[in-house]
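A closer look at the structure
One letter stands for each residue in the lines below.
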Amino acid sequence: MGDNAGAVHDVISVSGLNVRYRGAHQNAVQDMDFTVGAGEIFGFLGPSGAGKSTVQRVLTGLLHGYQGHVSVLGRPLHEWSRNYYEQIGVGFELPAEFTRLTARENLQVFSSLHRGPVVDPVELLDRVDLHDAADQRLSTFSKGMRMRLSLARALLNRPRLLFLDEPTTGQDPLRAARLREVVRAEADRGTTVFLTTHDMHTAEQLCDRLAFVVDGRITAVDTPYHFRVRHGRPGVVAEYSIEGRTHKRTFDLTDLGTDGELAHLVASGAVTTLHTREATLDDVFAAITRVRL
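Summary of the structure given here. For clarity, every value in this text was computed on a predicted model and none was experimentally measured.

Considering the overall build of the chain
- When you go through the chain residue by residue, the secondary structure sums to ten helices and 13 strands.
- The dimensions of the chain, computed from C-alpha atoms along their principal axes, are 70 × 50 × 40 Å.
- When contacts within the chain are restricted to residue pairs at least 6 apart in sequence, those whose partners lie at least 24 apart make up 67%.
- Split by element, the accessible area of the chain, about 15,000 Å² in all, is 49% carbon and sulfur.
- With 33 positive and 36 negative side-chain charges, the chain shows a spacing of 6 Å between the two charge centroids.

Here it is as structure tokens:
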């Protein structure tokens with residue numbers, strides 16, 4: 001078989017993964033099982049020290065001392081040659097870069113490391129809102145600018161599988177939204193994305209499924225919507241105005257009858273907003289990991 005595997009349904013398949021670092025008394029990753037489908041954005045969430053970075057290191061080929069089965073892009077990970085790095089893109093929170101070079105020069109250097117076709121660096125700089133800083137040295141870049149350049153670098157080789165760690169770190173809300181659009185566009189064209197983040201808004205906006213990791217184990221996997229529904233309490237939140245003062249109250253389902261207080265408030269015209277009560281992903285994170293963000 002050549003180095004370019006054919007189309008596969010599960011781009012990542014992990015079963016029975018165990019990792020223990022030398023000198024440690026217990027595994028950093030314990031009996032982990034999960035799959036990631038083609039074109040899926042898969043969120044890997046959990047508190048610091050839960051084992052997320054260890055799994056990233058395994059999947060990116062940086063850590064070989066593991067037990068269990070790991071298959072990526074249709075073949076066991078250990079069977080891949082160095083051509084694996086032509087298939088994947090990696091954008092981590094601590095970017096690799098040449099601070100004396102400009103943003104354009106950095107991407108040109110990394111482009112030269114790939115044997116296959118690459119995306120025009122100028123196009124990528126525009127996509128991550130760094131066009132105006134293309135000829136600026138990285139030593140002058142803020143953390144947010146460096147993170148955007150890291151994403152651009154990860155996309156140079158049009159990867160089939162993209163690993164991202166905290167891609168919206170250091171961004172203002174508008175730029176964070178733009179980066180999410182870039183990542184979603186990659187998934188829409190068929191790229192699979194493995195994303196680790198503590199930004200629950202990014203996780204909810206981007207991810208098709210989420211896996212919560214606690215103490216080296218995956219404790220729950222589901223869609224953001226189903227997590228929120230499962231951890232919320234059925235009910236309705238109403239904001240209403242009485243004598244010029246705004247009030248906010250949550251009504252249980254038992255209060256929603258035609259003779260209930262909410263019905264009377266609605267009939268009186270006092271209600272200004274009305275929406276269902278749902279848990280946020282922050283609430284879900286806290287409930288599943290027992291860690292408050």
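Focus: the packing of aromatic side chains
- A complete count under the given rule lists twelve aromatic pairs for this structure.
- Ring plane angle 45 degrees and centroid distance 5.5 Å describe the contact between Phe34 and Phe44, whose orientation is recorded as tilted. With Phe34 in strand β2 (residues 29-37) and Phe44 in strand β3 (residues 41-45), this pair connects stretches of sequence that are ten residues apart. Accessibility classification places Phe34 together with Phe44 in one group, the buried group.
- An aromatic cluster of at least three residues, connected via ring pairs, comprises Phe34, Phe42, Phe44, Phe163 and Phe194.
- If you follow Arg75 out to its NZ or CZ, it ends over the ring of Trp80, 4.3 Å from the centre.
- The ring of Phe110 carries the charged tip of Arg153 above its face, separated from the ring centre by 5.1 Å.

Examining the layout of surface pockets
- What the largest pocket holds in volume is close to 600 Å³.
- Lining the largest pocket are 21 residues, and of these Tyr85, Ile88, Val90, His114 and Arg153 lie nearest its centre.
- Residue assignment for the lining of the largest pocket shows that the elements contributing at least two residues are α2 (84-87), β6 (88-91) and α5 (143-154).
- Ranked by the residues each element gives to the lining of the largest pocket, the list is headed by β6, at four residues.
- Considering only residue class, the lining of the largest pocket consists of twelve nonpolar, five polar and four charged.

Points about the sheet that holds strand β12 (residues 245-252)
- Pairing is antiparallel across the open sheet formed by three strands, whose spatial order is β12-β11-β13. Every interior strand has two partners, whereas the edge strands, β12 and β13 (271-276), have only one. Sheet twist, expressed as the average angle between the axes of neighbouring strands with direction ignored, equals 15 degrees.
- By the bridge criterion, eight bridges tie strand β11 (residues 235-242) to β12 in an arrangement that is antiparallel. Considered in β12, the bridge of Ile242 is made with Arg245.

Some details on the sheet that holds β2
- Strand order in the open sheet formed by four strands is β2-β1-β4-β5, and the pairing between neighbours is antiparallel. Each edge of the open sheet carries a strand with a single partner, namely β2 and β5 (75-76).
- As paired strands, strand β1 (residues 10-19) and strand β4 (residues 67-72) are joined by five bridges and run antiparallel to one another. Bridged to Ser15 within β4 is His69.

Comments concerning the side chain of Thr196
- Tracing the chain through its elements places Thr196 in strand β8 (residues 192-196).
- There is a polar contact of 2.8 Å between the side chain of Thr196 and the side chain of Gln56.
- Excluding its chain neighbours within four sequence positions, the residues that come into contact with Thr196 are Phe44, Lys52, Gln56, Leu164, Asp165, Glu166 and Pro167.

Quick word on helix α10 (residues 281-289)
- Taken together, the buried positions of α10 are occupied by Leu281, Val284, Phe285, Ala286, Ile288 and Thr289.
- Looking at the buried residues of α10, the elements they touch are α7 (200-206), β9 (209-214), β10 (217-222) and α8 (224-231).
- Following α10 by one or two positions, Arg290 adopts a phi angle in the positive range, close to 60 degrees.

Comments concerning the packing of helix α3 (residues 103-112) against α5
- At a minimum axis separation of 10 Å, α3 and α5 run at an interaxial angle of 30 degrees. Relative to α5, the element α3 lies roughly parallel. For the element pair α3 and α5, the recorded crossing hand is right-handed. Here Ala103, Asn106, Leu107 and Phe110 of α3 lie close against α5, whose contacting residues are Leu149, Ala152 and Arg153.
- The residue inventory of the contact of α3 with α5, partitioned by class, reads five nonpolar, one polar and one charged.

Here we look at the environment of Asn18
- Mapped onto the fold, Asn18 is located in strand β1.
- Asn18 gets classed as buried once you look at its relative accessible area, which sits at 13%.
- If near-sequence neighbours (up to four positions away) are discounted, Asn18 is found in contact with Asn27, Val29, Gln30, Asp31, Tyr66 and Gln67.
- Of the polar contacts made by the side chain of Asn18, one reaches the backbone nitrogen of Asp31; its length is 3.0 Å.

Cut-offs applied
- Throughout, residues of each chain are indexed from 1 in the direction in which the sequence is written.
- Only residues with pLDDT of at least 70 get local features here, since the model is predicted, and only at 80 or more are side-chain atom pairs given and counted; chain-wide, interface and lining totals rely on the full set of residues.
- Only heavy atoms go into the side-chain values, all of them from the structure, while hydrogens and water stay out.
- Per the convention used, a helix needs a DSSP run of H or I reaching at least four residues, while a strand needs a run of E reaching at least two, with both numbered from the N terminus.
- Here a residue-residue contact requires only that any non-hydrogen atoms of the pair lie within 4.5 Å.
- For the area figures, the Shrake-Rupley method with a 1.4 Å probe applies, and any residue is considered shielded solely by the protein chains shown.
- Charge assignment in this entry is limited to Lys and Arg as positive and Asp and Glu as negative, and neither His nor the chain termini are counted.
- The atoms used to mark charge sites are NZ of Lys, CZ of Arg, CG of Asp and CD of Glu.
- Under the pairing criterion, centres of Phe, Tyr and Trp rings, with the six-membered ring standing for Trp, must be within 6.5 Å; the plane angle then separates stacked pairs below 30 degrees from edge-to-face pairs above 60, leaving the rest tilted.
- Residue burial is assigned from relative accessible area. The probe radius is 1.4 Å, only protein chains are included, and a residue is buried under 20% of its type maximum, exposed over 50%, and partly exposed in between.
- Whether a charge lies above a ring is judged from NZ of Lys or CZ of Arg, which has to be within 6 Å of the ring centre and within 35 degrees of the ring normal.
- Here a cavity denotes a set of grid points, spaced 1 Å apart and computed over the protein atoms alone, in which a 1.4 Å probe fits but from which it cannot get out, and a pocket denotes an open set meeting protein on both sides within 12 Å along at least five of seven lines; residues with an atom within 4 Å of a point are reported as lining.
- Grid points are joined across faces, edges and corners, and a volume is the space filled by probe spheres set on the points.
- Residue type decides the class: Asp, Glu, Lys and Arg count as charged, Ala, Val, Leu, Ile, Met, Phe, Trp, Tyr, Cys and Pro as nonpolar, and the leftover types, Gly among them, as polar.
- At least two bridges found by DSSP between two strands is the condition for calling them paired.
- Axis lines are fitted to C-alpha atoms, over the contacting stretch for helices. Their N-to-C directions set the angle, which ranges from 0 to 180 degrees.
- Pairs of N or O atoms are called polar contacts if they sit within 3.5 Å, as long as, within protein, a hydrogen donor faces a hydrogen acceptor (for residues adjacent in sequence, only side-chain-to-side-chain pairs).
- For this classification, under 35 degrees means roughly parallel, over 145 means roughly antiparallel, 65 to 115 means roughly perpendicular, and everything else is oblique.
- For any pair of crossing helices, the crossing counts as left-handed if the nearer helix is rotated counterclockwise from the farther one by less than a right angle, and right-handed if it is rotated clockwise.

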